[in-house]
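Structural features, examined
So the chains spell out like this:
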Amino acid sequence: MKLNKHTIVLLVMAGSVGLYALAGFVILPSIAKNKLPSLVQELTGQQPRLQAVRFDPFNFKLELEGFELPAAESKPLVGFAKLAVDFEAWQSLTGGALV
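In this report, we go over the structure that sits alongside the text. What you are looking at is a predicted structure, and each value in this text was computed from that prediction instead of being measured. (Residues numbered from 1 in each chain as written. Predicted model: local features only at pLDDT ≥ 70, side-chain atom pairs only at ≥ 80, totals over all residues. Heavy atoms only, no water.)

Looking only at helices and strands, the protein chain features two helices and three strands. When the elements of the protein chain are put in sequence order from the N terminus, they spell out α-β-β-β-α. At 19 Å, the protein chain has a C-alpha radius of gyration far larger than the 13 Å of a compact globule built from 99 residues. Viewed in the frame of its principal axes, the protein chain has a C-alpha envelope of about 70 × 35 × 20 Å. Among the 99 residues that make up the protein chain, the fraction classed as buried is 20%. Contacts in the protein chain between residues far apart in sequence, at least 24 positions, make up 28% of those at least 6 positions apart. (Helix = DSSP H or I, 4+ residues; strand = E, 2+ residues; numbered from the N terminus. Rg over C-alpha atoms; globule rule 2.2 N^0.38 Å. Buried < 20%, exposed > 50% of the residue type's maximum accessible area, 1.4 Å probe, protein only. Contact = heavy atoms within 4.5 Å.)

Shown next as structure tokens:
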């Protein structure tokens with residue numbers, strides 16, 4: 001079976017979108033959930049708790065759930081149930097600043 005150029009281009013594009021989705025929905029949140037607590041601990045000296053990290057690579061939306069940073073006496077110093085950051089990529093590019 002011989003594939004024409006259009007079929008090859010479509011397969012490459014579909015594979016690229018699939019890899020981008022896999023990286024954004026699965027790999028990036030996993031890395032963030034594992035690395036973010038150790039980074040915060042290095043900066044603050046306290047061990048934070050983080051329940052979940054979600055990222056939507058198509059809408060550029062990041063969600064952190066169940067974050068808590070204890071104070072020295074193990075009481076919560078800072079915490080939130082859910083933090084959502086919605087980055088507007090196109091407006092940031094055209095406006096010259098983060099939106």
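All told, the structure shown has four salt bridges when counted by the stated rule. Here Arg49 ties to Glu68 by a salt bridge, and the two come within 2.2 Å at their closest N and O atoms. With a gap of 19 residues between them, Arg49 in the loop between α1 (5–44) and β1 (52–56) and Glu68 in strand β2 (residues 61–70) connect regions that are remote in the sequence. Given a relative accessible area of 44%, Arg49 falls into the partly exposed group. We note a salt bridge from Lys61 to Glu63, for which the minimum N-O separation is 3.7 Å. Through salt bridges that share partners, Lys61, Glu63 and Lys82 make up one connected network. (Salt bridge = Lys/Arg side-chain N within 4 Å of Asp/Glu carboxyl O.)

All right, on to the sheet that holds β1 then. Read from one edge of the open sheet, three strands run β1-β2-β3, paired in antiparallel fashion. The sheet is open, and its two edges are formed by β1 and β3 (76–86), each paired on a single side. Neighbouring strand axes in the sheet, compared pairwise and without regard to direction, differ in orientation by 10° on average. Judged from the nine bridges that link them, β2 and β3 form a sheet pairing that is antiparallel. (Pairing = 2+ DSSP bridges. Axes fitted to C-alpha atoms, helices over the stretch in contact; angles between N-to-C directions.)

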